[in-house]
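Residue strings, one per chain:
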Amino acid sequence: MRSDVFETDGACLYHEVRGGGPALLMISGAGGDAGYYSGVAEELADAFTVITYDRRGNSRSTGRSAEPMDLAQQAADARRLIESVAGGRALVFGNSGGAIIGLTLAALHPHVLTGLVAHEPPAVNVLPDDDPDRGFFGDVAALYAEGGAPAAGRRFAETTRGEGTYRWPDDLWKRFLGNQDHLFGTEWPGFAGFLPDRAALKAAPFPIVLGAGAADRGTYYARPSAEIARRIRVPWVEFPGIHMEFLRNPAIFAAALRALATQMLSHEGRVPAEWVR
């Protein structure tokens with residue numbers, strides 16, 4: 001694993017690079033930490049150049065601001081990272097808020113993607129108007145305003161199926177706790193207001209796949225994936241496990257992502273080197 005810091009637009013982005021082969025950028029959700037994907041990245045490093053990073057203002061990256069951060073800024077950071085570290089183009093995987101950033105990146109900067117896998121974007125605004133889950137972001141924002149990060153964090157964890165059934169790495173957990181005010185105070189409005197750009201995503205010149213975990217059926221963060229896939233007419237796939245199965249069982253999750261990523265890249269002839277020797 002090689003780690004470095006990339007300077008861009010008022011922030012220094014900590015990132016890690018593993019392996020060799022086609023570039024795979026992995027964007028994390030709440031907490032914005034590269035450490036969510038450490039296990040999966042190790043599993044995939046034999047076939048892909050796996051790039052993970054701490055998103056702006058999170059963990060080992062700088063760039064915190066008191067002003068709400070819009071998704072265009074998050075997408076621009078990912079674009080510049082691809083241009084600087086991945087040679088200009090990458091297959092992108094995003095989970096949760098990272099999937100929302102991935103969808104924004106695909107709409108605004110399609111030239112830097114070879115494909116997108118959006119896993120469980122909590123895009124509640126695509127749900128029916130009378131769906132009670134549409135109020136999730138507002139409910140958590142109100143808890144944060146009243147009781148701060150501890151109250152909002154507890155509610156967030158309670159709504160995420162499977163959390164509490166496994167242990168996070170100690171260093172990741174410590175960094176996550178330090179990111180909570182940035183999440184709920186700065187990033188939350190951007191995620192809350194997200195609506196996918198249907199026209200731009202339908203016109204994307206690369207494959208897009210939406211997906212959700214088998215154990216997450218019916219949740220507010222899994223159901224939008226199927227609706228987005230329907231709206232932009234792309235495939236939807238089921239992944240193993242829970243919202244962060246890549247943290248609980250990285251080998252199992254990596255096996256599913258390996259198969260999907262290889263299939264998507266084969267459209268461009270950019271399959272991992274072992275297939276083309």
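Above this text you will find the structure in question.
All values reported here derive from a predicted model rather than from experimental measurement.

Definitions and cut-offs
- The written sequence of each chain sets the order in which its residues are numbered from 1.
- Two thresholds apply to this predicted model, a pLDDT of at least 70 for residue-level local features and 80 or more for giving and counting side-chain atom pairs, whereas whole-chain, interface and lining totals are computed over all residues.
- Processing note: side-chain calculations cover all non-hydrogen atoms of the structure and skip hydrogens and water entirely.
- In this text, helices come from DSSP runs of H or I with a minimum length of four residues, and strands from runs of E with a minimum of two, each type numbered from the N-terminal end.
- Think of a polar contact as two N or O atoms within 3.5 Å of one another; within protein, one of them needs to be a possible hydrogen donor and the other a possible acceptor, and neighboring residues in sequence only count if both atoms come from side chains.
- Should any heavy atoms of two residues lie within 4.5 Å, those residues are counted as being in contact.
- Salt bridge, as used here, is a side-chain nitrogen of Lys or Arg placed within 4 Å of a carboxyl oxygen of Asp or Glu.
- Note on exposure labels: buried denotes an accessible area under 20% of the residue type's maximum, exposed denotes more than 50%, and partly exposed covers the range between, all computed with a 1.4 Å probe on protein chains only.
- Any pair of Phe, Tyr and Trp rings, taking the six-membered ring for Trp, is counted once the centres come within 6.5 Å. Such a pair is stacked with planes under 30 degrees apart, edge-to-face with planes over 60 apart, and tilted for the rest.
- Following DSSP output, two strands are said to pair if at least two bridges run between them.
- Every angle, taken between N-to-C directions, lies between 0 and 180 degrees, and every axis is a line fitted to C-alpha atoms, over only the stretch in contact when it is a helix.
- In this description, a nonpolar core means a group of buried Ala, Val, Leu, Ile, Met, Phe, Trp, Tyr and Cys residues linked to one another through side-chain atoms lying within 4.5 Å.
- Multiply 1.5 Å by the residue count of a helix minus one, and that product is the helix's expected span.
- Note that the bend at a residue is defined as the angle between axes fitted to the seven residues ending at it and the seven residues starting at it.
- With its strands directed away from the observer, a crossover is right-handed exactly when the path from the first strand over the helix to the second travels clockwise.

> Help me understand the side chain of Thr 49, please; the structure alone is not making it clear to me.
Relative to the helices and strands, Thr 49 resides in strand S4 (residues 49–53). Within polar-contact distance, the side chain of Thr 49 engages the backbone oxygen of Gly 21 at 2.9 Å. Not counting chain neighbours up to four residues away, the residues in contact with Thr 49 comprise Val 17, Arg 18, Gly 19, Gly 20, Gly 21, Pro 22, Ala 23 and Leu 24.

> Would you mind showing me how to read the pattern of salt bridges here?
Charged atoms that come close allow side chains of opposite charge to pair. Applying the stated criterion across every chain, the model contains 21 salt bridges. Here Arg 223 ties to Asp 131 by a salt bridge, and the two come within 2.9 Å at their closest N and O atoms. Taken together, the residues span a long stretch of sequence, with Arg 223 in helix H7 (residues 223–232) and Asp 131 in the loop between strand S6 (113–119) and helix H4 (136–158) at a distance of 92 residues. Residue Arg 223 is classed as partly exposed on the basis of its relative accessible area, which comes to 28%. Judged by its relative accessible area of 13%, Asp 131 is buried. In this structure, Glu 227 engages Arg 230 in a salt bridge whose closest nitrogen and oxygen atoms are separated by 2.6 Å.

> Help me understand the packing of aromatic side chains in this model?
What characterises a pair of aromatic rings is the spacing of the ring centres plus the angle enclosed by the ring planes. Here the structure, examined in full by the defined rule, presents 20 aromatic pairs. With a centroid separation of 5.9 Å and an interplanar angle of 35°, the aromatic rings of Tyr 144 and Phe 184 are classed as tilted. Here Phe 184 lies in helix H5 (residues 170–192) and Tyr 144 lies in helix H4, a separation of 40 residues in the sequence. In this structure Phe 184 comes out as buried when scored by relative accessible area, which is 5%. Here the aromatic residues Phe 136, Phe 137, Tyr 144, Phe 156, Phe 184, Trp 188, Tyr 220 and Tyr 221 are joined through ring pairs into a cluster of three or more.

> Could you clarify how one ought to interpret the sheet that holds strand S3 (residues 23–27) in this entry?
Across a sheet, strands are paired by hydrogen bonds formed along the backbone, either parallel or antiparallel in direction. Pairing is mixed across the open sheet formed by eight strands, whose spatial order is S1-S2-S4-S3-S5-S6-S7-S8. Two strands bound the open sheet, and with one partner strand each, they are strand S1 (2–8) and strand S8 (236–239). Strand-to-strand, the axes of this sheet are offset by a mean angle of 25°, without reference to chain direction. Note: S3 against strand S5 (residues 90–95), four bridges, orientation parallel. Paired with Leu 25 across the two strands is Val 92, which belongs to S5.

> Can you help me understand the nonpolar core in this one?
Generally speaking, a soluble globular protein has its nonpolar side chains buried in company with each other. Core analysis: the biggest nonpolar cluster contains 51 residues, and Leu 25 and Ile 208 have the highest contact counts within it. Broken down by element, the residue count for this core peaks at six residues, all from helix H3 (residues 97–108). Beyond its immediate stretch of four places on either side in the chain, Ile 208 contacts Leu 116, Leu 201, Ile 232, Val 234 and Pro 235. Residues Leu 44, Tyr 166, Phe 176 and Leu 247 belong to the second largest nonpolar core, which totals 30 residues.

> Would you explain H4 in this entry?
Residues spaced three or four apart along an α-helix point in a common direction, a consequence of the helix completing one turn every 3.6 residues. Look at H4: only 12 Å from first C-alpha to last across 23 residues, short of the 33 Å you get at 1.5 Å a residue. When the local axis directions of H4 are compared, the greatest deviation, roughly 140°, occurs at Gly 147, which is followed within four positions by the proline Pro 150. Of the residues making up H4, those classed as buried are Phe 136, Phe 137, Val 140, Ala 149, Ala 151, Ala 152, Gly 153 and Phe 156. For H4, the elements touching its buried residues are H5.

> Could you clarify how one ought to interpret helix H9 (residues 250–265) in this entry?
Given a rise of 1.5 Å per residue, 16 residues ought to cover 22 Å, and the 21 Å separating the end C-alpha atoms of H9 matches this to within 8%. Looking only at H9, the buried set comprises Phe 253, Ala 254, Leu 257, Leu 260, Ala 261, Thr 262, Met 264 and Leu 265.

> What is the right way to look at the pairing of S4 in this model?
The two faces of the sheet receive side chains in turn, since in a regular strand these alternate between them. When you tally the buried positions in S4, you get five out of five residues, the bulk of the element. Neither face of S4 is exposed, since Thr 49, Ile 51 and Tyr 53 on one face and Val 50 and Thr 52 on the opposite face are all buried. Judged from the four bridges that link them, strand S2 (residues 11–18) and S4 form a sheet pairing that is antiparallel. Within S4, the position partnered with Glu 16 by the bridge is Thr 52. The pairing of S3 with S4 spans four bridges and is classified as parallel. Considered in S4, the bridge of Ala 23 is made with Thr 49. For the crossover that starts at S3, traverses helix H1 (residues 38–44) and ends in the parallel S4, the hand is right-handed.

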